[in-house]
Amino acid sequence: MTAAECTVRPLAAEDLDAAGRLVRLAFGTFLHLPDPMATFGDRDMIGKRWSDTSKALGAYMGQRLVGLNVITKWGKFGWFGPLAVHPEFWGKGIAKILMTSTMDMFSDWETTAEGLFTFSESPKHTGLYGKFGFYPRFLTLVMRHEAVAGSEGYSTLSKLEDSQQEDILRQCREISATVYPGLDLSQEISSVEKRKLGDTVLLMDDSRVEGFAVCHTGAGTEAGSNNCYVKFAAVPSGDQSREKFSNLIEACMGFAVSSGAQTVEAGVNLGKTLTFEELKRLGFTTLFQGVAMQRPNEPGSNRPEVFAIEDWR
Ligand SMILES: CC(C)(COP(=O)(O)OP(=O)(O)OC[C@H]1O[C@@H](n2cnc3c(N)ncnc32)[C@H](O)[C@@H]1OP(=O)(O)O)[C@@H](O)C(=O)NCCC(=O)NCCS
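Please read all numbers here as calculations on a predicted model, not as lab measurements. (Residues numbered from 1 in each chain as written. Predicted model: local features only at pLDDT ≥ 70, side-chain atom pairs only at ≥ 80, totals over all residues.)

1. Description of the overall build of the protein chain
Working step 1: Of the regular secondary structure elements, the protein chain holds 7 helices and 13 strands.
Working step 2: For the protein chain, whose C-alpha radius of gyration is 19 Å, the value lies close to the compact-globule estimate of 20 Å for 313 residues.
Working step 3: Projected onto the principal axes, the alpha-carbon positions of the protein chain cover approximately 60 × 40 × 35 Å.
Working step 4: In the protein chain, which comprises 313 residues, the share counted as buried stands at 47%.
Working step 5: Sequence-distant contacts in the protein chain: of pairs separated by 6 or more residues, those separated by 24 or more amount to 71%. (Helix = DSSP H or I, 4+ residues; strand = E, 2+ residues; numbered from the N terminus. Rg over C-alpha atoms; globule rule 2.2 N^0.38 Å. Buried ≥ 20, exposed ≤ 12 C-beta atoms within 10 Å, placed from the backbone. Contact = placed C-beta atoms within 7 Å.)

2. Thoughts on the nonpolar core
Soluble globular proteins tend to pack their nonpolar side chains together in the buried interior.
Working step 1: Counting residues in each nonpolar core, the largest one holds 88 residues, and the members touching the most others are Ala 213, Cys 228, Val 230 and Cys 252.
Working step 2: If you tally residues by element for this core, the top one is helix H6 (residues 241-258), at 8 residues.
Working step 3: For this core, the two domains that each supply at least three residues are domain 1 (3-111) and domain 2 (143-310).
Working step 4: Setting aside chain neighbours within four positions, we find Cys 228 in contact with Ala 147, Cys 215, Thr 217, Ala 223, Cys 252, Phe 255, Ala 256, Ser 259, Ala 261 and Val 264. (Core = buried A, V, L, I, M, F, W, Y, C linked by C-beta atoms within 7 Å. Domains from an automatic or database assignment.)

3. Points about the domain arrangement of the protein chain
Working step 1: When its domains are assigned, the protein chain resolves into domain 1 (3-111) and domain 2 (143-310).
Working step 2: Centre-to-centre separation of domain 1 and domain 2, based on C-alpha positions: 25 Å.
Working step 3: Of the residues lining the interface, 13 residues belong to domain 1; the matching set on domain 2 comes to 18 residues.

4. With respect to the packing of H6 against helix H7 (residues 273-281)
Working step 1: Closest axis-to-axis distance for the H6/H7 pair is 11 Å, and the angle between their directions is 50 degrees. Classified by the interaxial angle, the pair formed by H6 and H7 is oblique. Judged by the twist between their axes, the crossing of H6 over H7 is right-handed. Along the contact surface, H6 presents Arg 242, Phe 245 and Ser 246, while H7 presents Leu 274, Thr 275 and Glu 278.
Working step 2: Residue classes in the contact of H6 with H7 are distributed as 2 nonpolar, 2 polar and 2 charged. (Axes fitted to C-alpha atoms, helices over the stretch in contact; angles between N-to-C directions. Parallel < 35°, antiparallel > 145°, perpendicular 65-115°, else oblique. Left-handed = near helix turned anticlockwise from the far one by under 90°. Nonpolar A, V, L, I, M, F, W, Y, C, P; charged D, E, K, R; others polar.)

5. Looking at the site of the ligand
Working step 1: The full set close to the ligand counts 20 residues, and Trp 90, Ala 95, Pro 123, Lys 124 and Gly 127 are the nearest of them.
Working step 2: Residue assignment for the shell around the ligand shows that the elements contributing at least two residues are helix H1 (16-30), strand E4 (77-85), helix H2 (94-109) and helix H3 (123-130).
Working step 3: Top element by residues in the shell around the ligand is H3. It accounts for 5 residues.
Working step 4: For the shell around the ligand, the per-class residue count stands at 11 nonpolar, 6 polar and 3 charged. (Near = placed C-beta within 6 Å.)

6. Quick look at H1
Note on helix geometry: an α-helix contains 3.6 residues per turn, so any two residues three or four positions apart are oriented the same way.
Working step 1: An ideal rise of 1.5 Å per residue puts 21 Å on 15 residues; H1 measures up with 21 Å between its terminal C-alpha atoms.
Working step 2: Among the residues making up H1, those that are buried are Ala 19, Leu 22, Val 23, Arg 24 and Ala 26.
Working step 3: Those residues of H1 that are buried lie in contact with strand E3 (64-74) and E4.
Working step 4: Immediately beyond the C-terminal end of H1, within one or two residues, lies His 32, with a positive phi of roughly 55 degrees. (Expected span 1.5 Å × (residues − 1).)

Shown next, in the form of structure tokens:
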């Protein structure tokens, strides 16, 4: 079969299980894992996010799902992954077909910058994405810390009255816009709440939001068992941002412990030098690393003075 026989369309709901298996098989095979189907453990990388902030595209040969990509819109910023092709079909141009449809989606969404996280050591990966205008920039380190007591001085979105939520989301939007103009996590935050994937940790000063962190916890989410995964976190740039960020991470620790997690995981781009330095100071160590590829070839949100975690996995 050739790529010419491949069509791309929105991933059908009935294909979610097949999509989960395909992603495990593709990544596990690429990484030469002894049991590819055990890749990602009990994390769910597809099923819980395919219809909220994200759109999933499937590549089909007839009725058979042979590849997929999950594309996410955070306001004016778009990113994608996991992208995977069934190993039987590698090298036949399926990923390029998926990427063409992905770029069309970014253009429809009118995003002003896009990104992805990939294997820094793989010329195939950087070559593939390079064809679509993405440049390898700084490394992103996926860091981990044992979940320890942390702070209790935080709130979470789920504890607020419905009437407060609109104002909180507006304030979160104002904070994320200091990270990158138009960056908007509102739908991601609502999705985590609606689908019970974890919670959004809020650092509050009376009714003012000083920082927020979108966290997944437990099996069947992007965190996996006994883990709290900080998918996004930010404090406003400016006065006392280092202290606020440190307090936000302490709050995530507190939230992780209260959720029964034993570890806290967060991906930090080295372009955000001060964020990285702070996580190191707090005792986070690197689990693995990859490269952030960005379009256009500009810092975007990955600037030294920004205190934020954005995990584009
Ligand atoms: C990475 C992956 C998605 C690629 O899928 P694929 O269908 O084999 O890729 P394609 O055949 O569409 O395209 C690969 C392109 O990369 C290029 N490429 C391959 N090796 C290369 C190299 N060493 N240097 C530069 N470019 C290279 C190919 O030339 C090809 O482009 P061309 O056809 O214009 O020449 C697939 O291997 C996969 O699922 N891997 C496991 C999961 C994974 O790694 N996902 C991506 C994580 S970000």
